[in-house]
Structure formats: structure tokens, C-alpha cells
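Remarks on the overall topology
Letter by letter, the chains look like this.
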Amino acid sequence: MEGTNPVNKKLAAALSGGAVLVLALSGCSSDDGNDKLDAWAKQVCDSVQPQAKKIEAANAAIQKQTSDNSTPEAVQKTDAQAFQDMSDAYKAIGAAVQNAGAPNVDDGATKQKNAVKELNDISAAYASLKTQVDKLNTKDQAKFADGLKDIATSLDKLSQSGNDALKTLEEGDVGTAMAKQPSCKSASASASATGS
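What this report covers is the structure whose coordinates are included nearby. (Residues numbered from 1 in each chain as written. Predicted model: local features only at pLDDT ≥ 70, side-chain atom pairs only at ≥ 80, totals over all residues. Heavy atoms only, no water.)

1. Side note on the overall build of the protein
- When helices and strands are counted, the protein shows eight helices and zero strands.
- The order of α-helices and β-strands along the protein, N terminus first, is α-α-α-α-α-α-α-α.
- Counted over contacts in the protein with a minimum sequence separation of 6, partners at least 24 positions apart contribute 86%. (Helix = DSSP H or I, 4+ residues; strand = E, 2+ residues; numbered from the N terminus. Contact = heavy atoms within 4.5 Å.)

2. Points about the packing of aromatic side chains
- Inspection of the entire model under this criterion finds two aromatic pairs.
- Consider the rings of Tyr-90 and Tyr-126, whose centres lie 5.5 Å apart with planes at 5 degrees: the pair is stacked. Taken as a pair, Tyr-90 in helix H3 (residues 72-100) and Tyr-126 in helix H4 (residues 108-135) lie far apart in primary sequence, 36 residues in all. For the residue pair Tyr-90 and Tyr-126, the accessibility class agrees, reading buried in each case.
- An aromatic cluster is defined as three or more aromatic residues linked by ring pairs; in this entry it consists of Phe-83, Tyr-90 and Tyr-126. (Phe/Tyr/Trp six-rings, centres within 6.5 Å; stacked < 30°, edge-to-face > 60°. Buried < 20%, exposed > 50% of the residue type's maximum accessible area, 1.4 Å probe, protein only.)

3. Notes on H4
- In a regular helix each residue adds 1.5 Å, so 28 residues correspond to 40 Å; H4 covers 41 Å between its end C-alpha atoms and thus fits that length.
- For H4, the set of buried residues is Gly-108, Lys-111, Gln-112, Ala-115, Val-116, Glu-118, Leu-119, Ile-122, Ser-123, Tyr-126, Leu-129 and Val-133. (Expected span 1.5 Å × (residues − 1).)

4. Notes on the pattern of salt bridges
- Enumeration according to the criterion identifies six salt bridges in this entry.
- Here Lys-149 ties to Asp-146 by a salt bridge, and the two come within 4.0 Å at their closest N and O atoms. Highlighted residues: Lys-149 and Asp-146, both in helix H5 (residues 141-161), separated by three residues, approximately one helical turn.
- Judged by relative accessible area, Lys-149 falls into the partly exposed class, the value being 40%. (Salt bridge = Lys/Arg side-chain N within 4 Å of Asp/Glu carboxyl O.)

By themselves these figures say nothing about function.
In C-alpha cells:
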């Protein structure tokens with residue numbers, strides 16, 4: 001079974017890049033008073049935290065599968081479930097940012113709209129990766145490894161392109177307000193631990 005392992009490690013590496021994405025959802029802390037913005041940040045951070053844990057768990061499942069000498073069937077099953085979980089988590093984070101309304105900053109509505117669109121796009125991208133994994137040929141080791149390689153490449157792109165609107169959402173006061181929230185702090189800490 002050695003054939004799947006190097007590719008699967010590549011997959012795991014690409015994945016840990018992507019997981020940190022959400023947790024772009026925290027910034028550096030300072031204490032400018034903006035109660036409305038603090039309330040907005042609390043609402044978003046509290047919603048993000050369980051989703052960040054879900055993404056982290058999905059990540060860990062794939063990492064674990066790569067360290068075992070797993071069969072293609074086991075890898076397929078784990079990866080498909082992980083991508084589904086990630087898709088659901090990003091969708092839920094998008095909904096949380098949508099439901100929180102626009103943050104109380106300049107261009108808040110535009111930033112919010114762009115971030116929600118991006119989160120939904122990421123969710124759709126993970127859903128399509130799940131479909132790709134489901135279609136892989138587990139009976140043919142070489143084909144399976146090639147298929148995983150393509151998925152790892154897509155993941156790489158996803159993790160690089162994914163966080164522009166989120167970064168924009170979190171510039172300045174929004175990032176500051178989010179950084180003060182304990183739920184964002186813990187989400188961010190756990191993500192940077194998995195992303196290393």
C-alpha cells in the first residue's frame with residue numbers, strides 16, 4: 001500500500017494550509033471602545049468557534065489517515081467525510097457572518113457581503129472536492145494516487161486564494177474587536193497549532 005502514502009501526505013499538508021483560513025478570523029488586540037462592533041464580533045466569534053473545531057477535527061482525521069498505512073477505501077471514506085464537514089463548517093460560518101449583519105465600520109456592508117460570498121464559495125469548493133474523492137477508483141492504486149494528487153493541487157489553490165475577503169473584513173477595527181473575543185482567540189490558537 002505504500003503508493004497512497006506520499007500523495008496522501010501532500011494532501012494533508014495542503015489541508016492544514018486551508019484550515020487556517022477561517023482563523024484569519026482573529027486579529028491583534030487593542031481597546032478602542034465600539035460597543036456595537038464588540039457585540040458584532042462576539043456574535044460572529046461565538047458562532048465561528050464550534051465550526052473551527054469541526055474543521056480542525058476534519059483536518060486531524062485526514063492527518064491521522066496519512067500516518068497510518070491505510071487502504072485506498074479507508075482514505076477515500078475519511079477524506080470524503082472530512083471535506084463534507086469542512087464544506088458544512090464554512091457554510092455555517094458564512095451564515096454566521098450574514099446573520100450578524102454588517103459590522104459597524106466604514107464599508108461594513110461591502111466587507112460583510114464579500115466575506116459571506118467567499119465563505120460560501122469555499123464551502124462549495126470543499127463540496128466539489130468531496131464529490132471528486134467519492135469518484136476515485138480505489139481498486140487501482142496508481143489511479144487512486146493520481147486522483148489524490150489532483151485533489152491536493154486543488155486544495156493548495158483553495159488555501160491560497162481563500163482568505164482575501166476575510167482579510168478585508170478583518171482589517172482595522174473589526175479585527176481588533178474580534179481579537180478581544182475569547183472564542184476567537186481560542187479558535188485562532190487551535191488553528192495555528194494545526195497549521196504548523
